[in-house]
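Examining the three-dimensional arrangement
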Amino acid sequence: MTKIQLGLIGDNIKASRAPILHRLCGQMTGLDVSYDRLIPKDMAMDFDAVFEHAKSNGFAGVNVTLPYKERVVEKLIIEDQDVARIGAVNTVVFTPEGPKGYNTDFTGFVQGYRNQFGDMNPGRVVMFGAGGVGKAVAFGLKRLKAEEIIFIERDEAKAQELADAVNASTKGVSKARVGSMDDLATADGVINCTPLGMVGYGGSPVPEGQFPAAKWAFDAVYTPVYTPFVGQAEAAGTEVMSGYELYYFQGVDAYEIFTGVHLDDHETLRARLLETPDDQVA
């Protein structure tokens, strides 16, 4: 059985189920997959040293998450111009030519949206956060032909930079701009791409009592799946796509990039993921 060593670099990843997903994918496709959490602080290294450690110690590739998705870009060969515009990478493959970067948050969001909402146009979308996952989701919205994308972000310069990048892209018809809480009331869709709601981070970016009667909502957080943001959306009568869908589709896409093996038995994989606790892959 072919052995493939993979990993995840990030700071707040002890609750991540990425190792389980990739190991199960390996079992279902006849590969012996190991997948390690690589936490710089716990390894007494900085991000650069952890990246070099993986590159030099037999890893086929790594996923990269908060807060390193943008920082890793300078180390990579990025062949897809959409990913280059996003300026953030979550999947790295170590090749003889050098490490190559991909963004399966981007592709995973598009797949997850279509799986959940079908052909519904995203409409006018308010998105909180303009970091790594926010950039991927914004370009996903562009690909889905959202009418307007409005960013609410504490760092307005960062939000404006993302709006400019989205507007410069020729794929899709969306217009993007920086907005404020005033835009929330008339949103068709509301998205949380901040860490708020993650294990270790509290709260929601939407103030209590201000969640609009939107058509749909998405929370990029998936640990836990049920977040304060999801609770607010459900209370407002809004259909919610959880972060689990992004976790699932970006993970399956990344597995195919890492291994070159396509997995299409989603029903079995989803069932096994739900049945498998913690890191126990039977």
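For the structure, check the block above.
1. Focus on the side chain of asparagine 90
If you trace the backbone, asparagine 90 turns up in the loop between helix H3 (81-86) and strand E4 (91-95). Within polar-contact distance, the side chain of asparagine 90 engages the side chain of aspartate 105 at 3.3 Å. Ignoring sequence-local partners within four residues, the contact set of asparagine 90 consists of Val62, Asn63, Val64, Lys69, Tyr102, Asn103, Thr104, Asp105 and Gln250.

2. Side note on the sheet that holds strand E7 (residues 148-152)
The strand order across the open sheet formed by six strands is E8-E7-E6-E9-E10-E11, and the pairing between neighbours is parallel. Each of the sheet's edge strands pairs with one partner strand only, and the pair in question is strand E8 (175-178) and strand E11 (239-241). Neighbour to neighbour, the strand axes of the sheet diverge by 20° on average, direction disregarded. Where strand E10 (residues 216-219) lies against E11, three bridges are found, and the strand directions are parallel. Residue pairing for E11: alanine 217 is matched across the bridge by valine 240.

3. Some details on a negative patch on the surface
Residues Asp155, Glu156, Glu161 and Asp164 make up a contiguous surface patch of negative charge. Within the fold, glutamate 156 resides in helix H6 (residues 156-168). Using a relative accessible area of 55% as the deciding quantity, one classes glutamate 156 as exposed.

4. Observations concerning the packing of aromatic side chains
All chains considered together, the criterion is met by twelve aromatic pairs. Aromatic pair phenylalanine 47 and tyrosine 68: ring centres 4.6 Å apart, planes at 15°, arrangement stacked. Of this pair, phenylalanine 47 sits in helix H2 (residues 47-56) while tyrosine 68 sits in the loop between strand E3 (61-64) and H3, and the two are 21 residues apart along the sequence. The same class applies to phenylalanine 47 as to tyrosine 68, namely buried.

5. Considering the packing of helix H4 (residues 104-117) against helix H5 (residues 132-143)
Contact geometry of H4 with H5 gives a least axis separation of 8 Å together with a crossing angle of 45°. Taken together, the axes of H4 and H5 lie oblique to each other. The hand of the H4/H5 crossing is right-handed. For the pair H4 and H5, the contacting residues are Asp105, Phe106, Phe109 and Val110 in the first and Val133, Ala136, Val137, Phe139, Gly140, Leu141 and Arg143 in the second.

6. Some words on the pairing of E10
Side chains Trp216 and Phe218 project from E10 onto one buried face, and the interleaved Ala217 and Asp219 project onto a second face that is buried too. Two strands pair when backbone bridges link them, and strand E9 (residues 189-192) and E10 are joined in this way by four bridges, in the parallel orientation. By the bridge assignment for E10, isoleucine 191 is matched with phenylalanine 218.

Thresholds, definitions, all that
- Residues numbered from 1 in each chain as written.
- Predicted model: local features only at pLDDT ≥ 70, side-chain atom pairs only at ≥ 80, totals over all residues.
- Heavy atoms only, no water.
- Helix = DSSP H or I, 4+ residues; strand = E, 2+ residues; numbered from the N terminus.
- Polar contact = N/O pair within 3.5 Å; in protein donor to acceptor, adjacent residues only side chain to side chain.
- Contact = heavy atoms within 4.5 Å.
- Pairing = 2+ DSSP bridges.
- Axes fitted to C-alpha atoms, helices over the stretch in contact; angles between N-to-C directions.
- Patch = residues over 30% accessible without salt bridge, like charges linked within 9 Å, V, L, I, M, F, W, Y side chains within 5 Å.
- Areas by Shrake-Rupley, 256 points an atom, 1.4 Å probe, with all protein chains shown as cover.
- Salt bridge = Lys/Arg side-chain N within 4 Å of Asp/Glu carboxyl O.
- Lys, Arg positive; Asp, Glu negative; His and termini not counted.
- Charge placed at Lys NZ, Arg CZ, Asp CG, Glu CD.
- Buried < 20%, exposed > 50% of the residue type's maximum accessible area, 1.4 Å probe, protein only.
- Phe/Tyr/Trp six-rings, centres within 6.5 Å; stacked < 30°, edge-to-face > 60°.
- Parallel < 35°, antiparallel > 145°, perpendicular 65-115°, else oblique.
- Left-handed = near helix turned anticlockwise from the far one by under 90°.

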